[in-house]
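Structural features, examined
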Amino acid sequence: MSEQKKTFEHVIRERWCKGCNICVAFCPKQVLALKNGKVTVVQPNLCIGCRLCELRCPDFAIEVHERGKPESVGIDAAHRDYGISPEAEHD
Amino acid sequence: MSESMKYFREQRLPHIWCPGCGHGTVTGALVRAIARLNLDRSNVVVVSGIGCSSRAPGYLDFDTLHTTHGRALAFATGVKHSRPNLKVIVMTGDGDCTAIGGNHFIHAARRNIDITTIVMNNNIYGMTSGQFSPMTPKGMIGTTAPYGNSERSFDLANLAIAAGATYVARATAYHATLLEDLIEKALLNKGFSVVEAVTQCPTYLGRRNKLGTAVDMLNWFKESAVNIKAAKAMAPEKLEGKFMIGELYNKPDSEFTADYDQLVAQLQRKFDNFQGGVRECAQNSD
C-alpha cells in the first residue's frame, strides 16, 4: 500500500500581508493568488510543502503547516485578537 | 515560522517596510537561525544604527539598541566588551555600515571581536528617499545621482576579509534558505562575522532604475548571483557582471574579548602576588 500523501494547510495573517506578490510568483505549484491585494490560497491540495512562500515572505504573513503533525506550542498570530490596539498591550 | 514567532514583538507588527522590501526576509532568516540554535532571549542583544534596515530590532523581542547613524558597531563593541557572555548581533544597512560607519566596521573587523554583523545591502539609502550609497553599482540612478552614479562601489566582503573578519558570507533575499544557514554559521563563529544580505528596494532603487517589481528584482538576484562553489568550475568570462554568494571566508583566529580577559587574569595574578617594592609599584601607577 502506498504511503498516504502529505497534505498542508496555510495560515495567512491577512493584517500583515502587503500584497507584494513574492509568494505568488515563486510558488512552484501555483497554490497562491492575490485577491483584493491580499494573498489567498486557491489550490491548497497542490501544495508540496516546500515553504518557499513562508521563507521569502517579507511580512511573516504566511505559514505552511503539515496536516496531522502536532503543532508546536507557541503564540500563533493567526488567532490573535487584533481588536485590541497594540499600544494598549505595550507597557 | 511558528516556533520562531516567540522572538518577535508581535504587537509591533506589521512592520513599516514597503511592500516587497527584502529586509523582512532577512529579519525572518535571522530569527529562524536563532530559533534553530535555540538561543535564550535574555542573552541576545541586537544593535542597529539608522536606516531602513536598522528598524529591524524594533520588531525583535531581545534586548535591543537603536543607536546613532553608523555607530551600531561602536555600541555593540561596548556591550560585548562589558558582557562577553552575551550574543551580540548588529543589523545594519549599506549606507549605515560602509559610509558613515565605515571606520567602525573596519576596526571591529581588525579586533576580531565576537559580533555577528548582518549588512542588509539594498544598494541605496532607502529611508531618506534614495540617495546613492557607497554600495550603489556604477551607473545606477539615485536622487543625488540623477544622471547615474559615477563612483565605483565597495566590495564589502573583500573589504571585511582584508580588514580581518574571520567569517564572511553573502546571500540574497532570493536565496532565503542559504541566508538562514549562513547566519546560523556566523552566529556560531567566535569572532567578527559578516553576512552581507543583498536585498531589494523596489520603491527607490527599483523604480528609479526601472528594475520592475520586487519579484523582478528577486529574479535579477537569481540570475546574477553565483555560488562560490559553482564559480570555481566556471570560466572567468561567464562570471562577468555576477557576484558571489555563499561562504566566502572562514578562518578562525584569536578573539578580542577572550584575549582581553586573559590579559586581565594574567595581570590580576601578578598584582595579587605583589609583596611591595618600588619597581613593581611603578608599573601599577596611574
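Residues numbered from 1 in each chain as written. Chains lettered and ligands numbered in written order. Predicted model: local features only at pLDDT ≥ 70, side-chain atom pairs only at ≥ 80, totals over all residues.

This part is about the nonpolar core. Residues and elements named next belong to chain B. If you look at the biggest cluster of nonpolar residues, it comprises 82 residues, and the most contacted ones within it are Val90, Ile118, Ile183 and Ala197. The residues touching isoleucine 118, leaving out its near neighbours within four places in the chain, are Val26, Leu30, Ile89, Val90, Met91, Ile183, Val195 and Ala197. Residues Trp17, Cys18, Cys201 and Leu205 belong to the second largest nonpolar core, which totals 10 residues. (Core = buried A, V, L, I, M, F, W, Y, C linked by C-beta atoms within 7 Å. Buried ≥ 20, exposed ≤ 12 C-beta atoms within 10 Å, placed from the backbone. Contact = placed C-beta atoms within 7 Å.)

Before going further, it helps to spend a moment on the sheet that holds strand S10 (residues 243-250) of chain B. Residue and element names in this part refer to chain B. The eight strands lie next to each other as S2-S1-S3-S4-S8-S7-S10-S9, forming an open sheet whose pairing is mixed. Each edge of the open sheet carries a strand with a single partner, namely strand S2 (63-66) and strand S9 (225-227). Each adjacent strand pair in this sheet contributes to an overall mean axis angle of 20°, direction not counted. Two strands pair when backbone bridges link them, and strand S7 (residues 167-172) and strand S8 (residues 193-198) are joined in this way by six bridges, in the parallel orientation. (Pairing = 2+ DSSP bridges. Helix = DSSP H or I, 4+ residues; strand = E, 2+ residues; numbered from the N terminus. Axes fitted to C-alpha atoms, helices over the stretch in contact; angles between N-to-C directions.)

Below, the discussion takes up the pairing of strand S3 (residues 87-93) of chain B. Residues in a regular strand project their side chains so that they alternate between the two faces of the sheet. Residue and element names in this part refer to chain B. With six of seven residues buried, S3 is to be regarded as a mostly interior element. Of the strand pairs in this sheet, strand S1 (residues 44-48) and S3 are connected by five bridges, and their pairing is parallel. Residue pairing in the sheet places valine 46 in a bridge with isoleucine 89 of S3.

Residues and elements named next belong to chain B. A cis amide bond links leucine 13 with the next residue in sequence, proline 14, at an omega value of 5°. For lysine 210, which is not glycine, the phi torsion reads 55° and is therefore positive. Relative to the assigned elements, lysine 210 resides in the loop between helix H7 (202-208) and helix H8 (214-224).

Further remarks concern the confidence of the model for chain B. Taken as a whole, chain B shows an average pLDDT of 90; of its residues, 95% reach a score of 70 or greater. Overall fold confidence for the complex sits at a pTM of 0.87, while the interface term, ipTM, reaches 0.81. (pLDDT = per-residue confidence, 0-100.)

Turning to helix H1 (residues 23-37) of chain B, a few remarks are in order. Each full turn of the α-helix corresponds to 3.6 residues, which orients residues three or four apart in the same direction. Here H1(B) contains 15 residues, and its C-alpha end-to-end distance of 21 Å stays within 8% of the 21 Å for a straight helix at 1.5 Å per residue. Of all the 15 residues making up H1(B), 12 are buried; the element is thus mostly covered by neighbouring parts of the structure. Here H1(B) has its buried residues at His23(B), Gly24(B), Thr25(B), Val26(B), Thr27(B), Gly28(B), Ala29(B), Leu30(B), Val31(B), Arg32(B), Ala33(B) and Ile34(B). Where H1(B) is buried, its residues touch helix H2 (52-56) of chain A together with S1, strand S4 (115-121), helix H6 (176-188) and S8 of chain B. Looking one or two places after H1(B), you find Asn38(B), whose phi comes out positive at around 55°. (Expected span 1.5 Å × (residues − 1).)

Residues and elements named next belong to chain B. Two elements in contact, helix H2 (residues 72-82) and helix H4 (residues 102-111), have axes separated by 8 Å at closest approach and are oriented at 35°. Side by side, H2 and H4 meet where Leu73, Ala74 and Thr77 of the first sit next to His104, Phe105 and Ala108 of the second. Tallied by class, residues from the contact of H2 with H4 come to four nonpolar, two polar and no charged. (Nonpolar A, V, L, I, M, F, W, Y, C, P; charged D, E, K, R; others polar.)

Once that is clear, we can look at H8(B). Taken together, the buried positions of H8(B) are Ala214(B), Val215(B), Met217(B) and Leu218(B). Buried residues of H8(B) fall within an arc of 165° about the axis and therefore sit on the same side. Lining the buried residues of H8(B) we find helix H1 (22-26) of chain A together with H7 of chain B. (Arc of directions from axis to C-beta.)

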